[in-house]
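# Survey of secondary and tertiary structure
So you can see what is in the structure, the chains are spelled out below.
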Amino acid sequence: MPADLGTIELTFCGHATFQIKTPGGKHVVVDPFFEQNPACPLALKQPKNVDALFITHGHGDHISDAVPLASKHDATCVAIVETAGWLASKGVKKTVGMNKGGNTEVAGVRVTMTNAVHSGGIQEGDRFVYGGEPAGLVLTFENGVKIYHAGDTCVFSDMQIIGKLYKPDVALLPIGDFYTMGPLEAALAIELLGVKTVVPMHYATWPVLTGTPAKLRELTGGIAGLEIVEMKPGDTVTGPMRRLASVP
Ligand code: NI
Ligand code: MN
């Protein structure tokens, strides 16, 4: 059985972008990449309600809609200090600049910032501005459910610490290869995390992201009790990862 989300509604918007309706009825987005996201269904490009934006790092495919969405919805942006400072410099009124190992609570969600091994510059025109280090996020909801969004990362042995400390119920893991882990690395990440419900992300958005859920399944066949839940962009799941809705 996959993990039970309870009343949480988890929507995959394509690439690494997720919208989550919390048990308390708030709407949060992880890694807002909508307008330019080739995998995002048209119907999801303009979220109707946004209370908070949780950001793993400053690359465009994770942050490009943060400023317009935060402004439109007066939403709070949570990011690592340098990226939060950059967002504030672009006019975002409510920012929470935190760092790895730290916790904060926004929109009723406890946000824990973890390590991720990647890069984190913010592109401005033809140059990169320092955006601090990339991170992963463990989100703990009012009903106790914990969702780990790994951000962009390679596999690293301290994923064991994330597993041991936070015991995520669900892990959203990049599998596309090239910019992040591919299926080979993600299979080891799943072992290190000890997580039993995994949603693959950050694949197929562009041709260079060649990793597939099928390959991940093949490489994790020996892990007892593992459920790989393949969400299509536009899918919303709730309860025991049951499909609630799907937009084309
Ligand atoms: Ni990145
Ligand atoms: Mn990325």
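These lines cover the structure that appears in this document, whether it is placed above or below.

Space inside the largest pocket adds up to approximately 280 Å³. Around the largest pocket, the lining residues are E9, T11, Q19, K21, H27, A43, L44, Q46, P47, K48, N49 and T236. Breaking the lining of the largest pocket down by element, the ones donating at least two residues are strand 1 (9–12) and strand 2 (18–21). Estimated volume of the second largest pocket: approximately 220 Å³. Taken together, G58, H59, G60, D61, I63, S64, V67, W86, G121, I122, Q123 and F128 make up the lining of the second largest pocket. Taken together, the elements giving at least two residues each to the lining of the second largest pocket come down to helix 1 (60–63) and strand 9 (122–124). Broken down by element, the residue count for the lining of the second largest pocket peaks at 3 residues, all from helix 1.

The element strand 5 (residues 76–80) is largely enclosed, with a buried count of 5 among its 5 residues. Strand direction decides the pairing type here: strand 4 (residues 52–54) and strand 5, joined by 3 bridges, are parallel. By the bridge assignment, A52 is partnered in strand 5 with T76. Bridge count between strand 5 and strand 6 (residues 95–98): 4 bridges; the pairing is parallel. Note on strand 6: the bridge partner recorded for A79 is G97. Remark: the strand 5/helix 3 (residues 81–89)/strand 6 crossover connection has right-handed handedness.

A contiguous nonpolar patch, built from F178, Y179 and V208 and spanning about 310 Å² of accessible area, is present on the exposed surface. As for its placement among the helices and strands, Y179 is situated in the loop between strand 13 (170–174) and helix 5 (183–193).

Another point: the pairing of strand 14 (residues 197–201). With 5 of 5 residues buried, strand 14 lies mostly within the body of the structure. Alternating positions in strand 14 separate into two faces, T197, V199 and M201 on one and V198 and P200 on the other, with burial throughout. Bridging between strand 13 and strand 14 involves 4 bridges; their strand directions are parallel. Pairing of A171 across the sheet is with V198, part of strand 14.

At this site the manganese ion (ligand 2) is bound by D61 (OD), H62 (NE2), D152 (OD) and H202 (NE2), with donor distances of 2.1 to 2.2 Å. Ordering the donors of the manganese ion (ligand 2) by residue number gives the pattern D-H-x89-D-x49-H.

For the rest of this paragraph, the subject is the coordination of the nickel ion (ligand 1). Distances from the nickel ion (ligand 1) to its protein donors, H57 (NE2), H59 (ND1), H118 (NE2) and D152 (OD), fall within 2.2 Å. Taken together, the 4 donor atoms coordinating the nickel ion (ligand 1) span angles of 91 to 172° at the metal, a pattern that classifies the geometry as irregular. If you list the donors of the nickel ion (ligand 1) from N- to C-terminus, the spacing comes out as H-x1-H-x58-H-x33-D. For the pair the nickel ion (ligand 1) and the manganese ion (ligand 2), the metal-to-metal distance amounts to 3.3 Å, and D152 bridges them. Separated by 34 residues along the polypeptide, H118 in the loop between strand 8 (109–115) and strand 9 and D152 in the loop between strand 12 (146–149) and helix 4 (159–166) bring together distant segments of the chain.

Conventions adopted
Residues numbered from 1 in each chain as written. Chains lettered and ligands numbered in written order. Predicted model: local features only at pLDDT ≥ 70, side-chain atom pairs only at ≥ 80, totals over all residues. Heavy atoms only, no water. 1 Å grid on protein atoms, 1.4 Å probe; cavity = no way out; pocket = protein on both sides within 12 Å on 5 of 7 lines; lining within 4 Å. Points joined across faces, edges and corners; volume = space filled by probe spheres on them. Helix = DSSP H or I, 4+ residues; strand = E, 2+ residues; numbered from the N terminus. Buried < 20%, exposed > 50% of the residue type's maximum accessible area, 1.4 Å probe, protein only. Pairing = 2+ DSSP bridges. Right-handed = clockwise from strand over helix to strand, strands pointing away. Patch = residues over 30% accessible without salt bridge, like charges linked within 9 Å, V, L, I, M, F, W, Y side chains within 5 Å. Areas by Shrake-Rupley, 256 points an atom, 1.4 Å probe, with all protein chains shown as cover. Salt bridge = Lys/Arg side-chain N within 4 Å of Asp/Glu carboxyl O. Donors = N, O, S within 2.8 Å, 3.2 Å for Na, K, Ca; no water. Tetrahedral: all angles 85-135°; square planar, octahedral: opposite > 155°, others 65-115°.

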